[in-house]
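As a plain string of letters, each chain reads:
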Amino acid sequence: MLTDPRLSAIKRMLEKDHAIDCLLLLHIGRGKWKEAKEFMRENGLTLSDGTFRARMMEIESLGFAEAKRIDPLKKYYVKTKSGEKLAELLLKLFERLE
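Figured I'd write up the structure that's included with this text. (Residues numbered from 1 in each chain as written. Predicted model: local features only at pLDDT ≥ 70, side-chain atom pairs only at ≥ 80, totals over all residues. Heavy atoms only, no water.)

With respect to the pairing of strand S2 (residues 75-79)
Then, number 1: In terms of strand pairing, strand S1 (residues 65-69) meets S2 through five bridges, oriented antiparallel. Residue pairing in the sheet places Ala 67 in a bridge with Tyr 77 of S2.
Then, number 2: Where S1 folds back on S2, the antiparallel hairpin that results is connected by five residues. (Pairing = 2+ DSSP bridges. Helix = DSSP H or I, 4+ residues; strand = E, 2+ residues; numbered from the N terminus.)

Given below as structure tokens:
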């Protein structure tokens, strides 16, 4: 995993602040900043706009999300099949840790 370029890139992304939060937000269909912020606030969690956008761009670059244009300045993100698979694996991991 440390020497495989693709797996290493995924590992680096997962190590960053709120990367797993953003993957799970995609999983529940909250890939738009307003919806993500609302969900996080309702659950007593924090996530800055800049962090959300940076993580989503990185998640997209790895093929786990796809950006959709709302207008020339705004976009929202949707999960890809591989993004859904990664989110499900993460959820299974956390369930097993309980």
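Here's the deal with the nonpolar core
Then, number 1: One finds Met 13, Leu 23, Leu 47, Phe 52, Met 56, Ile 59 and Phe 64 to be the most contacted residues of the largest nonpolar core, which totals 21 residues.
Then, number 2: If you list the elements that add at least two residues to this core, you get helix H1 (5-15), helix H2 (19-27), helix H3 (33-42), helix H4 (49-61) and helix H5 (81-97).
Then, number 3: By residue number, the principal contributor to this core is H2, which donates five residues.
Then, number 4: Beyond its immediate stretch of four places on either side in the chain, Phe 52 contacts Cys 22, Arg 30, Gly 31, Lys 32, Trp 33, Ala 36 and Leu 47. (Core = buried A, V, L, I, M, F, W, Y, C linked by side-chain atoms within 4.5 Å. Buried < 20%, exposed > 50% of the residue type's maximum accessible area, 1.4 Å probe, protein only. Contact = heavy atoms within 4.5 Å.)

Here's the deal with the pattern of salt bridges
Then, number 1: Following the criterion strictly, the structure yields seven salt bridges and no others.
Then, number 2: Across the salt bridge formed by Glu 38 and Arg 30, the nearest N and O atoms sit 3.9 Å from each other.
Then, number 3: The class of Glu 38 is partly exposed, set by a relative accessible area of 42%.
Then, number 4: Look at the salt bridges and you will find they share partners, linking Lys 16, Arg 55 and Glu 58 into a network. (Salt bridge = Lys/Arg side-chain N within 4 Å of Asp/Glu carboxyl O.)

Let's talk about H5
Then, number 1: The end-to-end C-alpha distance of H5 is 25 Å, a good match for the 24 Å that 17 residues give at a rise of 1.5 Å each.
Then, number 2: When we look at burial in H5, the residues that qualify are Gly 83, Glu 84, Leu 86, Ala 87 and Leu 90. The arc that holds the buried residues of H5, viewed along the axis, is 165°, so those residues lie on one side. Exposed residues on H5 whose side chains face more than 90 degrees from its buried face are Lys 81, Lys 85, Lys 92, Glu 95 and Arg 96.
Then, number 3: The secondary structure elements touched by the buried residues of H5 are H1, H2 and S2. (Expected span 1.5 Å × (residues − 1). Arc of directions from axis to C-beta.)

Note that all results are geometric; they support no functional claim without further evidence.
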